[in-house]
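This is what each chain is made of:
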Amino acid sequence: MGFYLLGTKSFWAILTVVFLRYLVFAVLAFIVFYGVKKHAWQFWKIQNRFPLRKDYVREIVYSIVTSFIFAGVGFAVFLTPFSAYTQVYYKVGDYGWGYLVLSAILIIFLHDTYFYWMHRLIHHKSVYKYVHRVHHLSTNPSPWAAMAFHPLEAVLEAGIIVVVAFAFPVHPLAIGIFLLFMMIYNVYGHLGYELYPNGFSKGLVGRWINTSVNHNMHHQYFRGNYGLYFLFWDRWLGTLHPDYDDAFGETTSRKKP
Ligand SMILES: [Zn+2]
Ligand SMILES: [Zn+2]
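Peer 1: I'd like a rundown of the overall build of the protein chain, residues and numbers included.
Peer 2: The helix and strand inventory of the protein chain stands at 10 helices and zero strands. Counted from the first residue to the last, the protein chain has its helices and strands arranged as α-α-α-α-α-α-α-α-α-α. Over its C-alpha trace the protein chain gives a radius of gyration of 19 Å, about what one expects of a compact globule, namely 18 Å for 257 residues. For the protein chain, the spread of C-alpha atoms along the principal axes amounts to about 65 × 40 × 40 Å. Considering the protein chain as a whole, with its 257 residues, one finds that 35% of them fall into the buried category. Within the protein chain, contacts between residues separated by at least 24 positions form 72% of all contacts whose residues are at least 6 apart in sequence.

Peer 1: Describe unusual backbone geometry, naming the residues involved and giving the relevant values.
Peer 2: Positive phi is not limited to glycine here, since F222 has a value of about 70°. Judged by the 14 C-beta atoms lying within 10 Å of it, F222 falls in the partly exposed class. Not every positive phi belongs to a glycine, and N225 is a case in point at roughly 60°. Take N225: it is sitting in the loop between α8 (212-221) and α9 (232-236). Overall, the presence of 23 C-beta atoms within 10 Å leaves N225 in the buried class.

Peer 1: Mind laying out the packing of helix α3 (residues 96-122) against helix α7 (residues 172-189), listing which residues take part and the relevant values?
Peer 2: Helix packing for two helices is described by the angle between their axes and how far apart those axes are. Where α3 contacts α7, the two axes come as close as 9 Å, and the packing angle between them is 45°. Between α3 and α7, the crossing angle belongs to the class labelled oblique. The handedness of the crossing between α3 and α7 comes out as right-handed. Across the interface between the two elements, L100, S103, A104, I107, I108 and H111 of α3 pack against L173, A174, I177, F178, F181 and M182 of α7. Grouping the amino acids of the contact of α3 with α7 by side-chain chemistry returns 10 nonpolar, two polar and no charged.

Peer 1: Can you break down the environment of G192 residue by residue, with the values?
Peer 2: Among the secondary structure elements, G192 is positioned in the loop between α7 and α8. The exposure class of G192 is buried, given the 23 C-beta atoms found within 10 Å. The spatial distance from the C-alpha of G192 to the C-alpha of I46 is 5.5 Å, given a sequence separation of 146 residues.

Peer 1: Break down the nonpolar core for me, citing the residues and quoting the values.
Peer 2: If you look at the biggest cluster of nonpolar residues, it comprises 45 residues, and the most contacted ones within it are A146, A148, V164 and F178. For this core, the elements supplying multiple residues, two or more each, are α1 (2-36), α2 (53-79), α3, α6 (151-167), α7, α8 and α10 (244-252). With eight residues, the single largest contributor to this core is α2. Among all residues touching V164, those that are not within four sequence positions of it are I107, L110, V170 and I175. Core analysis: the next-biggest nonpolar cluster, separate from the first, contains eight residues, F115, Y116, V131 and L156 among them.

Peer 1: Kindly report on the packing of α8 against α10, identifying the contributing residues and their values.
Peer 2: Running from N to C, α8 and α10 cross one another at 120°; their axes reach a closest spacing of 9 Å. Taken together, the axis directions place α8 and α10 in an arrangement best described as oblique. The interaxial crossing formed by α8 with α10 has right-handed handedness. The residues of α10 that touch α8, namely those facing V213, N214 and M217, are Y244, A247, F248 and T251. Residue composition of the contact of α8 with α10, by class: five nonpolar, two polar and no charged.

Here is what the cut-offs are and how they apply
Residues numbered from 1 in each chain as written. Chains lettered and ligands numbered in written order. Predicted model: local features only at pLDDT ≥ 70, side-chain atom pairs only at ≥ 80, totals over all residues. Helix = DSSP H or I, 4+ residues; strand = E, 2+ residues; numbered from the N terminus. Rg over C-alpha atoms; globule rule 2.2 N^0.38 Å. Buried ≥ 20, exposed ≤ 12 C-beta atoms within 10 Å, placed from the backbone. Contact = placed C-beta atoms within 7 Å. Axes fitted to C-alpha atoms, helices over the stretch in contact; angles between N-to-C directions. Parallel < 35°, antiparallel > 145°, perpendicular 65-115°, else oblique. Left-handed = near helix turned anticlockwise from the far one by under 90°. Nonpolar A, V, L, I, M, F, W, Y, C, P; charged D, E, K, R; others polar. Core = buried A, V, L, I, M, F, W, Y, C linked by C-beta atoms within 7 Å.

Right under this line is the structure:
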């Protein structure tokens, strides 16, 4: 009974953190880009029109469901007897701060590869409509779309945490840093506005970095641009949308009317 109570309490604690993380960044982005600056910055919006209220509601409802699934997977990995089989450690001194920071960066690269291949898989016509269609109902995504997944996709998305927990020694703080970065990048990817400067997509570094224009094109055209943080896989495997550089240049060179 004691473990059960402790367990349910921890589950609600994880759920609160997961959902608040989404809420804080999506609300901030929404207030600025879809509220205060909506009209002043509309010329700069990747797709000129704004989504409908029902789109925001759908994105938020699915994101709430996703929060429950993410919290459930987190709870199972870290707080059940199952955690004894993972490589999670709690004393920073065991591997040092340098390792902790490096491991957080490694997770970001690992997640990019995990996401690219998982994303290609769920675009396969045999599973697309059961798993990934919900996310693509947003053809003009807003910050609220950052966690708008079908529950089946949410399970696959959470899979990266399972992979990481078993792959190498990892401190919860490294996972926390990674999850924070992931949330910020996902809100940016669905923001509807580009924040990187003109010329970035053709730059030495920029050509390998995913942008909001890039992911917005994925939502508009459904095919191509499967990456998350980087464009390595899309460029290497020729899945980058052929008009990407032009679209990026067009969006970032508009002048205020
Ligand atoms: Zn997709
Ligand atoms: Zn998306």
